[in-house]
Amino acid sequence: TSTGNEGGLMGTASIVLNLAWRNLWRNYRRTAIMLVAVVVGVWAMIFMSAMMRGMVDGMLVDSIRSLPGHVQIHNPNFRDDPTVNNLFPSPNENLIAVLEQEDVVAWSSRVRVPAVVMSERNSRGITLVGIDPVAEASVSSVADDMTEGQFLSGTEDTGLILGRRLAERLETEVGKRVVVLTQDPSNEIVDRGFRVIGVYEAQVASTEEIYAFVGRGALQTLLGIGSQVSEVAVLGADYRDTEALYHRINTAVGNRLEVLPWYELNRYLSSMLGMMDGFVLIWIVVIFLALSFGLVNTLVMSVFERVREIGLMMALGMKPAVILGQIIAESLMLLGMGLLIGNVFAWATIQQLREGIDLSAVSEGLEMMGAGSVLTPSLQTSDVVMATIVVLVLGFLASLLPAVRASRYHPVDAITKV
């Protein structure tokens, strides 16, 4: 009996789908117009979501690569008072063993102190960063951003790397000497002359006026701090998945130091990432709500044209539930085709733009947001899945009105309807 029921249900479903497909193309012009509208809408959903994702991803990656890394280790007082008095010893063997595991791409220890740099014409307040150039090249983008001169050759290198904007403010250039003033742990002013050996241009241009770089050992010698450092920056495999890395480092360090992931170091960027999911969902819903009016109109007109036919089928014994399913199936078939074609078009468009879009003409506005001048779309599977679910669910709800109306016709009234 159960097998017979299952066979009957399968047969009914096959008939409903067959009728829905034929009815969908009865007025092929109207269906084609609606299909084009769905395709364009789906393309807009996916493409604009990828553009927004790309902008936020670019902001995050550029900011993380400008210095922070995915996880940072500090003296607990360093963030409130980032001076030479809040340092900590270089990583010990236990911490190095954690930092050398497979999910750590690279790590680098730094010395960061506030300082004043003076040229023969101007002076500026900066953050002077002592780095290991070999390790830093894998953690941050400083080495890749070099446009003039050369990068630091080692930790004892006494050359100075300046940002393009800072060099312009100081009216200095590669080869000239500048004087750097800062404080040692005894709160005494220490100064030293440095020769500018290189200039960098950062993806986030505002950082060019903030950071200047020198060899870590040379800065430690100037400050008289031995091998102590201000921070250790750790780069993992993916900025979206740093929890395991963060907890493992935090366990290895214990309570003596502060360990923070990037989203706690930069609340603005973490809030942007959090809001992006909401923006994408709102964008998808708004686009489909506009499409739903056309979808409802198409289905209502289709039902109106087939009133007598629907009445005849009901008079021959077709149940209202089957009529309801047929109208809903028409809607879902139309949306399914639109989703498939729209997703393919969106993917093809994004592939054409995978090298990025040059937005240097509006770079100043993007800089205020912390974004770079090249926008690379980022297609996320989750966005495609979300768009598909929203379109099908809202499409189902939109088709209920004409479907319920069709299923409630009285056979005699429908057949005699003029």
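Refer to the structure above for everything that follows.
Residues numbered from 1 in each chain as written. Predicted model: local features only at pLDDT ≥ 70, side-chain atom pairs only at ≥ 80, totals over all residues. Heavy atoms only, no water.

**Q** Please explain the overall build of the chain as it appears in this structure.
**A** Looking only at helices and strands, one finds 14 helices and 12 strands in the chain. Computed over the C-alpha atoms, the radius of gyration of the chain is 32 Å, more than 25% above the 22 Å expected from 2.2 N^0.38 for a compact globule of 418 residues. A principal-axis box enclosing the C-alpha atoms of the chain has dimensions of 100 × 50 × 30 Å. Taking the contacts inside the chain whose residues are at least 6 apart along the sequence as the reference set, 78% of them involve residues at least 24 apart. Just so you have it, the chain exposes about 20400 Å², and 58% of that area is on carbon and sulfur atoms. (Helix = DSSP H or I, 4+ residues; strand = E, 2+ residues; numbered from the N terminus. Rg over C-alpha atoms; globule rule 2.2 N^0.38 Å. Contact = heavy atoms within 4.5 Å. Areas by Shrake-Rupley, 256 points an atom, 1.4 Å probe, with all protein chains shown as cover.)

**Q** Even after reading the chapter, I still don't get a nonpolar patch on the surface, so can you show me in this structure?
**A** Taken together, the side chains of Leu332, Val385, Ile389, Leu392, Val393, Phe396 and Leu397 define a hydrophobic patch exposed on the protein surface, amounting to about 550 Å² of accessible area. Among the elements that make up the nonpolar patch, the one with the highest residue count is helix 13 (residues 381–407) (six residues). Along the chain, the position of Leu332 falls in helix 11 (residues 320–352). (Patch = residues over 30% accessible without salt bridge, like charges linked within 9 Å, V, L, I, M, F, W, Y side chains within 5 Å. Salt bridge = Lys/Arg side-chain N within 4 Å of Asp/Glu carboxyl O.)

**Q** I'm lost on the nonpolar core in this one. Help?
**A** Looking at soluble globular proteins, one finds that nonpolar side chains tend to be buried together. Formed by 41 residues in total, the largest nonpolar core has its most connected members in Ile73, Leu128, Leu160, Leu219, Leu223, Val234 and Ile249. With six residues, the single largest contributor to this core is strand 2 (residues 104–118). Leu24, Val38, Leu291 and Val390 belong to the second largest nonpolar core, which has 31 residues in total. (Core = buried A, V, L, I, M, F, W, Y, C linked by side-chain atoms within 4.5 Å. Buried < 20%, exposed > 50% of the residue type's maximum accessible area, 1.4 Å probe, protein only.)

**Q** Teacher, can you tell me more about helix 7 (residues 243–253) here?
**A** Helical geometry: 3.6 residues make up each α-helical turn, so side chains three or four residues apart lie on a common side. Those residues of helix 7 that fall on the buried side of the exposure criterion are Leu245, Tyr246, Ile249 and Val253. Relative to the axis of helix 7, the buried residues are bounded by an arc of 100° and lie together on one face. Opposite the buried face of helix 7, by more than 90 degrees, sit the exposed residues Ala244 and Thr251. Taken from the residues just after helix 7, Gly254 is the one with a positive phi, measuring 80°. (Arc of directions from axis to C-beta.)

**Q** Hey, could you run me through the pattern of salt bridges in this one?
**A** Side chains that differ in charge, positive against negative, can pair when their charged atoms come close. Tallied over the entire structure, the rule returns 13 salt bridges. Linking Arg165 and Glu209 is a salt bridge whose minimum nitrogen-to-oxygen distance equals 4.0 Å. With Arg165 in helix 5 (residues 164–170) and Glu209 in the loop between strand 7 (189–200) and strand 8 (211–215), the pair connects residues that are 44 residues apart, well separated along the chain. Residue classification places Glu209 among the partly exposed residues on the basis of a relative accessible area of 26%.

**Q** Would you take a moment to explain the environment of Thr251 for this structure?
**A** Topologically, Thr251 is positioned in helix 7. You can call Thr251 exposed: its relative accessible area is 66%. Each C-alpha atom, one on Thr251 and one on Gly395, is 49 Å from the other, the two residues being 144 residues apart in sequence.

**Q** What is the right way to look at the packing of aromatic side chains in this model?
**A** The geometry of an aromatic ring pair comes down to the distance between the two centres and the angle between the two planes. This model, assessed by the stated rule, comprises five aromatic pairs. When the centroid spacing of 5.0 Å and the interplanar angle of 10° are considered together, the rings of Trp43 and Phe47 count as stacked. Residue Trp43 and its partner Phe47 are located together in helix 2 (residues 28–66), separated by four residues, close to a single helical turn. Trp43 gets classed as partly exposed once you look at its relative accessible area, which sits at 29%. A relative accessible area of 11% places Phe47 in the buried class. The interplanar angle of 35° and the centroid separation of 6.4 Å between the aromatic rings of Tyr211 and Phe213 together place this pair among those described as tilted. Residue classification places Tyr211 among the buried positions, given a relative accessible area of 15%. What makes Phe213 buried here is its relative accessible area of 1%. Every member of this aromatic cluster is reached through a ring pair, and the members are Tyr200, Tyr211 and Phe213. (Phe/Tyr/Trp six-rings, centres within 6.5 Å; stacked < 30°, edge-to-face > 60°.)

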